[in-house]
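Here is what each chain is made of, one letter per residue.
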Amino acid sequence: MEEGKRAVGRLCSICSQRRPALKRPKTLEQICRECFYAVFEEEIHRVIMENHLFKAGERIAVAASGGKDSTVLAYVLSELNRRHDYGLDLFLLSVDEGITGYRDDSLETVKRNEIQYGLPLKVVSYKDLYGWTMDEIVKVIGLKNNCTFCGVFRRQALDRGAALLKVDKLVTGHNADDMAETVLLNILRGDIARLSRCTFIMTGEDGPIPRCKPFKYTYEKEIYAYFKKLDYFSTECIYSPNAYRGFAREFIKDLERIRPQAILDIIRSGEDFRISSSTRMPDQGTCERCGYISSQKLCKACVLLEGLNRGLPKLGISRTREAINGSERLHKTGRLPKAEAERPILQSKPCGNLEF
Amino acid sequence: MQLTLEFGGGLDLLCQSVKIHHVDVTPNVENGKLTLRDLLSWVRTSLIKERPEMFMKGDSVRPGILVLVNDCDWELCGGHDTELEEKDVVVFISTLHGG
Ligand SMILES: [Zn+2]
Ligand SMILES: [Zn+2]
Ligand SMILES: [Zn+2]
């Protein structure tokens, strides 16, 4: 069947030769598949160059989940690295949370990517790092707070994996939709410190392993369109219902349908917020137990682990003041309303890919 | 009319975890045509076994679900008014989950 047969008379607005197959949300241009692949890749290249994301000779790990974002990222980076001579040593880094069914399949995808793209793969597991698999944690704590564990443990696991690989930077597949959603959530939570930080294309430059997001301006829709030619595994973490984030996501998609530009506008408004001088940022130190960066005596992961190991899994999640001493708290200005101060601090933090 | 429908990104879970459906849909009696709008309401009543709100919002697909007709963005072929033809392949992919 002839492709795009219904778009009669219209031709790709870039090459004027082939039938368009896609409408770009950013520009509303109607373009063909071939031109799309080309502009998609060159846009990522431009973002990398304009933001000086990499230096020649650097070792770079791609946080690879087997999902579409990181699969496309790994592929495009290895292409651009070759095409434009970045001079980077690229690696894939995956976290095995120990979730039967979910991780088994997605890790298989990452292993195929390792071969297809010729990038060495390192897998770090919760079991090895923490002594617990996610399945075992869920057996103890139930489904309610599991994403607290997922989020905290995964973030740290990626840093530890990156240290093992001796990489200079970690890149993640966060896209424009993810970022717009995080901006909204941080506004809804009143988390001003995270609000401005979450739009940075590079974070942690003062820490051991900076992280960057080459897809910051890339629409999810285009990532889907791109990876139609790639191999990937699609599923959501089965332990992640997270209704609150779901609503924010749906809201973003509603806005996008009415006005595609909305996603970039939300990112821009996040960027334009400035932290007032009265909002105190936490001082960064290191965890007494494991040496990970932490603003408290113990890092979040160690507090959560202690709870698990002592049979008090609510530790680090509960409402009591004593229990939160291990959790990073950004606002200690005393200006927070009481209800805010007593709210469970980690509970609403999502599992998944947004808080890397 | 013989059509192939594909459900991805978790939408397959709404129709008994089957990703690809070969279906036979009866066109409009008056004009013998079948639009994407007709197909959506057919899918909703005949194929979706649970949580139809995950697939539809009002009389359209939920925002965040991509629709492709023969590999072409449905926004380019006429949206709801796209007229389907024999052996067309229609793909629905949810972008609302996971990365
Ligand atoms: Zn073209
Ligand atoms: Zn989770
Ligand atoms: Zn620690």
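Look up a bit, the structure's there.
These figures come from a predicted structure and were not determined experimentally. (Residues numbered from 1 in each chain as written. Chains lettered and ligands numbered in written order. Predicted model: local features only at pLDDT ≥ 70, side-chain atom pairs only at ≥ 80, totals over all residues. Heavy atoms only, no water.)

**What about the overall build of chain B?**
We count it as follows: Helix and strand assignments come from DSSP, with helices taken as H or I runs of at least 4 residues and strands as E runs of at least 2, each series counted from the N terminus. Note that the radius of gyration is over C-alpha atoms, with the globule rule given as 2.2 Å times the number of residues to the power 0.38. Remark: exposure states derive from per-residue accessible area (1.4 Å probe, protein chains only) relative to the maximum for the residue type, with buried under 20%, exposed over 50%, and partly exposed in between. When checking whether two residues touch, look at their non-hydrogen atoms; a contact exists if any pair is within 4.5 Å. A residue counts as positive if it is Lys or Arg and as negative if it is Asp or Glu; His and the chain ends are not included. One atom stands in for each charge, and that atom is NZ of Lys, CZ of Arg, CG of Asp or CD of Glu.
Assigned secondary structure in chain B consists of 2 helices and 7 strands. The N-to-C order of helical and strand elements in chain B reads β-β-α-β-β-β-β-α-β. For chain B, the C-alpha radius of gyration of 13 Å lies close to 13 Å, the compact-globule estimate for 99 residues. On the principal axes, the C-alpha backbone points of chain B span a range of 40 × 25 × 25 Å. Sorting the 99 residues of chain B into buried and exposed places 53% on the buried side. Sequence separation of at least 24 residues holds for 57% of the intrachain contacts in chain B that already meet a minimum separation of 6. Of the charged side chains in chain B, 9 are positive and 16 negative; the average position of the first set lies 7 Å away from that of the second.

**As for the coordination of the zinc ion (ligand 3)**
Residues and elements named next belong to chain A. Cut-off, in case you're wondering: Note that water is not among the atoms used; donors are N, O and S atoms within 2.8 Å of the metal (3.2 Å for Na, K and Ca), so sites may look incomplete. Here the metal geometry follows the donor angles, with tetrahedral for four donors whose angles all fall between 85 and 135 degrees, square planar for four and octahedral for six when opposite donors are more than 155 degrees apart and every other angle is between 65 and 115, and irregular for all the rest.
In this structure, Cys287 (SG), Cys290 (SG), Cys299 (SG) and Cys302 (SG) serve as the protein donors to the zinc ion (ligand 3), at separations of 2.3 Å. The site at the zinc ion (ligand 3) holds 4 donor atoms, and with the angles between them running 106 to 116 degrees, its shape is tetrahedral. In terms of primary sequence, the donors binding the zinc ion (ligand 3) are separated according to C-x2-C-x8-C-x2-C. Separated by 15 residues along the polypeptide, Cys287 in the loop between strand 9 (285-286) and strand 10 (293-294) and Cys302 in helix 12 (residues 300-309) bring together distant segments of the chain. Grouping residues by exposure puts Cys287 and Cys302 together as buried.

**What to know about the pattern of salt bridges**
Opposite charge on two side chains allows them to pair when their charged atoms are near. Residue and element names in this part refer to chain A. To keep things clear, this is the line we draw: The rule for a salt bridge is simple: a side-chain nitrogen of Lys or Arg has to be within 4 Å of a carboxyl oxygen of Asp or Glu.
Evaluated as defined, the whole model comprises 35 salt bridges over all chains. Measuring nitrogen to oxygen at the nearest pair gives 2.7 Å for the salt bridge that ties Glu41 to Arg83. Of this pair, Glu41 sits in helix 1 (residues 33-50) while Arg83 sits in helix 2 (residues 68-83), placing them 42 residues apart in sequence. Taking relative accessible area as the criterion, Glu41 reaches 7% and is therefore assigned buried. With its nearest N and O atoms 3.0 Å apart, the salt bridge here joins Arg211 to Asp159. Residue Arg211 is located in strand 8 (residues 211-212), and its partner Asp159 is located in helix 6 (residues 146-165); the two are separated by 52 residues in the primary sequence. Assigned by exposure class, Arg211 and Asp159 land together as buried. Three or more residues joined by partner-sharing salt bridges are found here, namely Lys68, Asp69, Asp177, Asp178, Glu181, Glu220, Arg249 and Lys253.

**Things to note about the packing of aromatic side chains**
Applicable threshold: Aromatic rings from Phe, Tyr and Trp, taking only the six-membered ring of Trp, are treated as a pair when their centres fall within 6.5 Å; an angle between ring planes under 30 degrees marks them as stacked, one over 60 as edge-to-face, and anything in between as tilted.
Evaluation of the coordinates by the stated rule reveals 15 aromatic pairs over all chains. Ring plane angle 20 degrees and centroid distance 5.4 Å describe the contact between Phe7 of chain B and Phe92 of chain B, whose orientation is recorded as stacked. Taken together, the residues span a long stretch of sequence, with Phe7 of chain B in strand 1 (residues 2-8) and Phe92 of chain B in strand 7 (residues 89-94) at a distance of 85 residues. The exposure class assigned to Phe7 of chain B is buried, which follows from its relative accessible area of 2%. Phe92 of chain B gets classed as buried once you look at its relative accessible area, which sits at 0%. Through successive ring pairs, a cluster of aromatic residues spans Phe36, Tyr37, Phe40, Tyr75, Tyr117, Phe215 and Tyr226 of chain A.

**Looking at the sheet that holds strand 4 (residues 89-96) of chain A**
Residue and element names in this part refer to chain A. Put simply, the rule reads: Any two strands with at least two DSSP bridges between them are considered paired. Angles here are taken between N-to-C directions and fall from 0 to 180 degrees, while the axes themselves are lines fitted to C-alpha atoms, restricted in helices to the stretch in contact.
With mixed pairing, 6 strands are arranged side by side in an open sheet as 5-4-3-6-8-7. Where the open sheet ends on each side, the last strands, each with one partner, are strand 5 (121-125) and strand 7 (202-203). Relative to strand 8, strand 6 (residues 169-171) runs parallel, the two sharing 2 bridges. Across the sheet, residue Val171 finds its bridge partner in strand 8, namely Cys212. Across the sheet, helix 2 touches strand 3 (59-63), strand 4 and strand 6, and the angle it forms with strand 3 is around 155 degrees. Sheet strands in contact with helix 3 (residues 102-117) are strand 4 and strand 5, and its direction is about 170 degrees off that of strand 4.

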